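# Topology and contacts: notes
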Amino acid sequence: MVAAGDVVAVVRAEAGGGVSPYPREHLDVARESERERTLHEAAAAGSTDEAELMVEQDGMEPDTPDENGVTALMHACRSAPGSSCAAMLLAHGASVDAVDHEGRTVLMMAVLGGAVRTTAMLLKAGASPAATDAKGWTALHYAAHGGHYACAIELLRRGAICRPSTGRDALTPAEVATNSGHSPLAEELLCGEEQLFRVLKKYAQAEKKLPFSKAAEWASTQQAELMQQHGVTCPN
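Residues numbered from 1 in each chain as written. Predicted model: local features only at pLDDT ≥ 70, side-chain atom pairs only at ≥ 80, totals over all residues. Heavy atoms only, no water.

### A word on the overall build of the protein
Each helix and strand in the protein was counted, giving 12 helices and zero strands. Secondary structure elements in the protein, listed N-terminal to C-terminal, are α-α-α-α-α-α-α-α-α-α-α-α. For the protein, long-range pairs separated by at least 24 residues make up 64% of all intrachain contacts whose partners lie at least 6 apart in sequence. (Helix = DSSP H or I, 4+ residues; strand = E, 2+ residues; numbered from the N terminus. Contact = heavy atoms within 4.5 Å.)

### Observations concerning unusual backbone geometry
Even without being glycine, alanine 170 reaches a positive phi, approximately 55°. Mapped onto the elements, alanine 170 comes out in the loop between helix H9 (149–157) and helix H10 (173–179).

### Considerations on the packing of aromatic side chains
Within this structure, the stated rule accounts for one aromatic pair. Judged by centre distance (5.4 Å) and plane angle (70°), the ring pair of tryptophan 137 and tyrosine 142 falls under edge-to-face. We classify tyrosine 142 as buried; its relative accessible area is 7%. In this structure, lysine 135 packs its charged tip against the face of tryptophan 137, placed 4.0 Å from the ring centre. (Phe/Tyr/Trp six-rings, centres within 6.5 Å; stacked < 30°, edge-to-face > 60°. Buried < 20%, exposed > 50% of the residue type's maximum accessible area, 1.4 Å probe, protein only. Lys NZ or Arg CZ within 6 Å of the ring centre and 35° of its normal.)

### Side note on the environment of methionine 60
Structurally, methionine 60 is set in the loop between helix H3 (48–58) and helix H4 (72–78). Classification of methionine 60 by relative accessible area gives buried; the value is 7%. Note: C-alpha distance between methionine 60 and leucine 39 (21 residues apart in sequence) is 7.7 Å.

### Let's talk about the nonpolar core
Counting 47 residues, the largest nonpolar core has Cys77, Leu89, Leu122, Leu140, Leu155 and Leu189 as its most contacted members. Contacts of leucine 140, omitting those with residues within four sequence positions, involve Ala152, Leu155, Leu156, Ala160, Ile161, Cys162, Pro173 and Leu189. (Core = buried A, V, L, I, M, F, W, Y, C linked by side-chain atoms within 4.5 Å.)

### Let's talk about the packing of H3 against helix H5 (residues 83–91)
Viewed as axis vectors pointing N to C, H3 and H5 meet at an angle of 20°, and their least axial separation amounts to 9 Å. In terms of orientation, H3 and H5 fall into the roughly parallel class. For H3 against H5, the interelement crossing comes out right-handed. In contact with Thr48, Ala51, Glu52 and Val55 of H3, H5 contributes Ser84, Cys85, Met88 and Leu89. Across the contact of H3 with H5, the residue classes tally to five nonpolar, two polar and one charged. (Axes fitted to C-alpha atoms, helices over the stretch in contact; angles between N-to-C directions. Parallel < 35°, antiparallel > 145°, perpendicular 65-115°, else oblique. Left-handed = near helix turned anticlockwise from the far one by under 90°. Nonpolar A, V, L, I, M, F, W, Y, C, P; charged D, E, K, R; others polar.)

Have a look at this one:
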């Protein structure tokens, strides 16, 4: 039987005109059992040439998930050197909308890894910054949690909204950044929340129903609906 570590080496040898020392039926079985895992590992390592060979020569499907629901593109996106590999996988039809078993998107994976170039590329490819995972976090929440300032700014430039999570914690990205010890990023994210408070103040004064101090407290639970209603977004 062919060892798992030999599969890629054999594929490379054949691609270069070499001869495999293994019987064809053994090689086929090894490829069938190892192909997805190997592609995921190559993508996670940012090995563009290796991953491209697997996709083009062996016909491996970029969107086949691993046991955690993570696709090769998601693995590539979490790796900072993986931007060229991610671009290759996108060019071969990998879905920018894939999600893992926790509801995390391809864009969230890029932000988790602090991969700003990949983040920008995914946004240009149509990835939604508004998508939420199983706990109600957006990509901006992940940027705030990890202190990935450049990724957060790119998300804000592309229309990400500073709104609380839809999960039980109901935290805004600024609150997540503060709780994670990233005060400079929290200050940047607060710019968007200050816009919301200005809208709330105007609303409260016009309706004469509650003082602004109460409106600001109310924002923590009603922020998302008001942002949508008033079209409030973070500044570019």
